Amino acid sequence: MILEANNLTKSFGLRKAVNNLSLEIPNGSVYGFLGPNGSGKSTTIRIMTALISPDVGEVFINGNSIQKNGSKALSDVGALIERADFHKHLSARTNLKMLARMDGTDFSAIQKVLDRTGLGDRANDKVKTYSQGMKQRLGIAQALMGNPKLLILDEPTNGLDPEGMKEIRDLVGELSSEGITIFISSHLLDEVQKICSHIAMISLGELITSGKIEDLLRDSEILMTEIHVDQTKKAMNLLSNYKWIHRCDVKEGILRVSLVENKISEVVNILVQNNILVSAIIPKTSLEDLYLSKMEINRKV
């Protein structure tokens, strides 16, 4: 594990932002960190990067405690916390030079990280001429200056258009292929499923589930199933009356039902008995389906 967070707790007044949270980030993974607004994601990241201290608990990076030996632990870490912010009237190269002077980083790293993030040809252009996606990539370039083994990105695609999101997604894939472990906080579940190998979900500061995405989807108790029927509206209205069906909607003319796997045959029987023709049943559980079912179950506990 490149990063281990053990029993982290952090309160602000009477509110517990993080509550006894433990995480293990495997070396070489692209790790998605998921949760609703106010779930404690940003607080956890600030603890991981030593911007704030936990009330209880400890974070280890490559075996080094951030709380006891922060400079050594963080020497392997690069981070982009929230939106990248630069001097817009200066070029990307000049911005990185200023940051390199403050951090004591060699200037020779600047062109390398600009090339690495696809900004080499625009290095001398003022940041105010950059798209939002380019600014985010410049923020990642800044985080790569120290040649980190672990890259922590807080909502890197937030506010980007589809093209900008794809640029960040492709960049994350390239950096991962180079052996960098990447920890990504995000609320864009489709993006996370496309780029991450592992995830953790938290709610109200507590861990709900974690592990490899493929394992969590395979072992999910709740199965999202597409059912092709000849009367979608009638079928949806009918099935919505059953409490054991977690979700039921119609998307692009196809009935989508969220339920436990052993109830599929019962759903088919209900539809057939009500003169609704069923032509196909296709399991389609996605990360979004898993996330929504886990959060719904957690709210009921």
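Coordinates for the structure precede this section.
The shown structure was predicted, so the numbers you read here are calculated from the model rather than taken from an experiment. (Residues numbered from 1 in each chain as written. Predicted model: local features only at pLDDT ≥ 70, side-chain atom pairs only at ≥ 80, totals over all residues. Heavy atoms only, no water.)

Student: Got a minute to help me understand the sheet that holds strand S7 (residues 150-154) in this structure?
Tutor: Remark on secondary structure: sheet strands pair via backbone hydrogen bonds, oriented parallel or antiparallel. Read from one edge of the open sheet, 6 strands run S6-S7-S8-S3-S9-S10, paired in mixed fashion. Strand pairing shows two members of the sheet lacking a second neighbour, strand S6 (77-80) and strand S10 (206-212), which therefore form its edges. For this sheet, the mean angle separating the axes of adjacent strands, direction not counted, is 15°. Here 5 bridges tie S7 to strand S8 (residues 181-185), and the two strands are oriented parallel to one another. Of the residues in S8, the one forming a bridge with Leu 151 is Ile 182. Running over the sheet, helix H5 (residues 132-143) touches S6 and S7 and is turned about 160° from S6. Taken strand by strand, helix H6 (residues 162-177) contacts strand S3 (30-34), S7 and S8, and its axis lies near 150° from that of S8. (Pairing = 2+ DSSP bridges. Helix = DSSP H or I, 4+ residues; strand = E, 2+ residues; numbered from the N terminus. Axes fitted to C-alpha atoms, helices over the stretch in contact; angles between N-to-C directions. Contact = heavy atoms within 4.5 Å.)

Student: Got a minute to help me understand helix H10 (residues 264-273) in this structure?
Tutor: Think of an α-helix as turning once every 3.6 residues; residues three or four places apart then point the same way. Those residues of H10 that sit buried are Ile 264, Val 267, Val 268, Ile 270 and Leu 271. Projection of H10 onto a plane perpendicular to its axis shows the buried side chains occupying an angular sector of 160°, all on one side. Note on H10: the residue one or two positions beyond its end, Asn 275, has a positive phi of about 60°. (Buried < 20%, exposed > 50% of the residue type's maximum accessible area, 1.4 Å probe, protein only. Arc of directions from axis to C-beta.)

Student: Would you explain unusual backbone geometry in this entry?
Tutor: Excluding glycine, a negative phi dihedral is what most residues carry, and trans is how most peptide bonds are arranged. Even without being glycine, Asn 20 reaches a positive phi, approximately 55°. For Asn 20, the position within the fold is in strand S2 (residues 15-25). Here the phi dihedral of Ala 50 falls at roughly 65°; this positive angle occurs in a residue that is not glycine. Position of Ala 50 among the secondary structure elements: in the loop between helix H1 (41-48) and strand S4 (56-61).

Student: What should I look at first to understand the nonpolar core in this one?
Tutor: Among the nonpolar cores identified, the biggest contains 45 residues, and Leu 138, Ile 140, Leu 151 and Ile 182 are the most heavily contacted of them. For Leu 138, the residues in contact, after removing those within four places along its chain, are Phe 86, Ala 92, Leu 96, Leu 114, Leu 119, Val 127 and Tyr 130. Of all hydrophobic cores here, the second largest spans 23 residues; its members include Leu 3, Ala 5, Ile 47 and Ala 200. (Core = buried A, V, L, I, M, F, W, Y, C linked by side-chain atoms within 4.5 Å.)

Student: It is not clear to me how the sheet that holds S2 should be interpreted in this structure. Could you clarify?
Tutor: Across the sheet, which stays open at both edges, the 4 strands sit in the order S2-S1-S4-S5 with antiparallel pairing between neighbours. This sheet does not close on itself; its edge strands, each paired only once, are S2 and strand S5 (64-65). Two elements, strand S1 (residues 3-12) and S4, share 5 bridges in a ladder whose sense is antiparallel. Pairing of Asn 6 across the sheet is with Glu 58, part of S4. Taken strand by strand, H1 contacts S1, S2 and S4, and its axis lies near 60° from that of S2.

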